[in-house]
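This is what each chain is made of:
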Amino acid sequence: RVSGTSTLWAAAMALGGNNNELACVYAALICHDEGIEASATNIAAILKAANIETEAYWPTLFAKLVKGKNIGDMLTAGGGGGPVVAAGGAVAAPTGGAAPAGG
């Protein structure tokens, strides 16, 4: 399934920035999407299949970054900055608790 991602990688690599880092980010996301561990071995295998060359330490660095973390949770955790506003402008109640006082 990984072999079909070459076109995706070519387009993604055109985004600029640090290509080593970007390639490993996408490889870790592919691991997550495929339901496999984002290990250094798996990240390196995806990079190799996509003909992406990175410095040798990048896959290990990213594997350590995501080890023991839920990538799905990292994707859905917002940048934070204030309360969530529901449709109609009402402030949503915090999860696990009651609505704010006076609200």
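What counts as what
All chains use their own residue numbering, which begins from 1 and follows the written sequence. Note on the predicted model: pLDDT of at least 70 is required for a residue's local features to be given, and 80 or more for side-chain atom pairs to be given and counted; whole-chain, interface and lining totals, by contrast, use all residues. Side-chain figures throughout are based on the complete set of non-hydrogen atoms in the structure, without hydrogens or water. The cut-offs for exposure are 20% and 50% of the maximum accessible area for each residue type, with area from a 1.4 Å probe on protein chains only; residues under the lower value are buried, those over the upper are exposed, and the others partly exposed. Helix and strand assignments follow DSSP, with helices taken as H or I runs no shorter than four residues and strands as E runs no shorter than two, numbered in order from the N terminus. Arc definition: it is the arc formed by the directions from the helix axis to the C-beta atoms. Axis lines are fitted to C-alpha atoms, over the contacting stretch for helices. Their N-to-C directions set the angle, which ranges from 0 to 180 degrees. For this classification, under 35 degrees means roughly parallel, over 145 means roughly antiparallel, 65 to 115 means roughly perpendicular, and everything else is oblique. With the far helix as reference, a near helix turned anticlockwise by less than a right angle produces a left-handed crossing, and one turned clockwise produces a right-handed crossing. Throughout, a residue-residue contact means that at least one pair of heavy atoms, one from each residue, lies within 4.5 Å. The set of buried Ala, Val, Leu, Ile, Met, Phe, Trp, Tyr and Cys residues whose side-chain atoms join them within 4.5 Å is what this entry labels a nonpolar core. Each Phe, Tyr or Trp ring (for Trp, its six-membered ring) is paired with any other whose centre lies within 6.5 Å, and the angle between the two planes then decides the class: stacked below 30 degrees, edge-to-face above 60, tilted in between. Nitrogen and oxygen atoms within 3.5 Å of one another constitute a polar contact, given that in protein one can donate a hydrogen and the other can accept it, and given that sequence-neighbouring residues count only through two side-chain atoms. Any helix carries an expected span of 1.5 Å times its number of residues minus one.

### Section: helix α3 (residues 40–49)
Buried within α3 we find Ile43, Ile46 and Leu47. Summarising the axial view, the buried residues of α3 lie within an arc of 100°, below the 170-degree limit, and thus occupy one face. Along α3, exposed side chains directed more than 90 degrees from the buried face belong to Thr41 and Lys48. The first or second residue beyond α3 is Asn51, which carries a positive phi of 55°.

### Here's the deal with the packing of α3 against helix α4 (residues 57–66)
Where α3 meets α4, the axes come as close as 8 Å, and the angle between the chain directions of the two elements is 135°. By the angle between their axes, α3 is oblique relative to α4. In the packing of α3 onto α4, the handedness of the crossing is right-handed. Of α4, the residues touching α3 (which contributes Ala40, Ile43, Ala44 and Leu47) are Pro59, Thr60, Phe62 and Ala63.

### Focus on the nonpolar core
Counting 16 residues, the largest nonpolar core has Cys24, Ala38, Ile43 and Leu47 as its most contacted members. Put simply, the parts of the chain that give this core at least two residues each are α2 (19–34), α3 and α4. Tallying contributions element by element places α2 first for this core, with 6 residues. When neighbours within four sequence positions are excluded, Cys24 is seen to be in contact with Ile43, Leu47, Trp58, Pro59 and Phe62.

### Remarks on unusual backbone geometry
A positive phi is found at Asn51, a non-glycine position, where the angle reads about 55°. Topologically, Asn51 is positioned in the loop between α3 and α4. For Asn51, a relative accessible area of 68% translates into the label exposed.

### Focus: the packing of aromatic side chains
On inspection of all chains with the given rule, the structure shows 2 aromatic pairs. Linked through ring pairs, Tyr57, Trp58 and Phe62 together constitute an aromatic cluster.

### Let's talk about the side chain of Ser39
If you trace the backbone, Ser39 turns up in the loop between α2 and α3. For Ser39, a relative accessible area of 14% gives the class buried. Within the structure, the side chain of Ser39 is placed 3.1 Å from the backbone nitrogen of Asn42, a separation counted as a polar contact.

### Brief notes about α2
In this model, α2 (16 residues) spans 22 Å end to end at C-alpha, consistent with the 22 Å of a helix rising 1.5 Å per residue. Here α2 has its buried residues at Asn20, Leu22, Ala23, Cys24, Ala27, Ala28, Ile30 and Cys31. Once α2 ends, the next one or two residues include Gly35, with phi positive near 75°.

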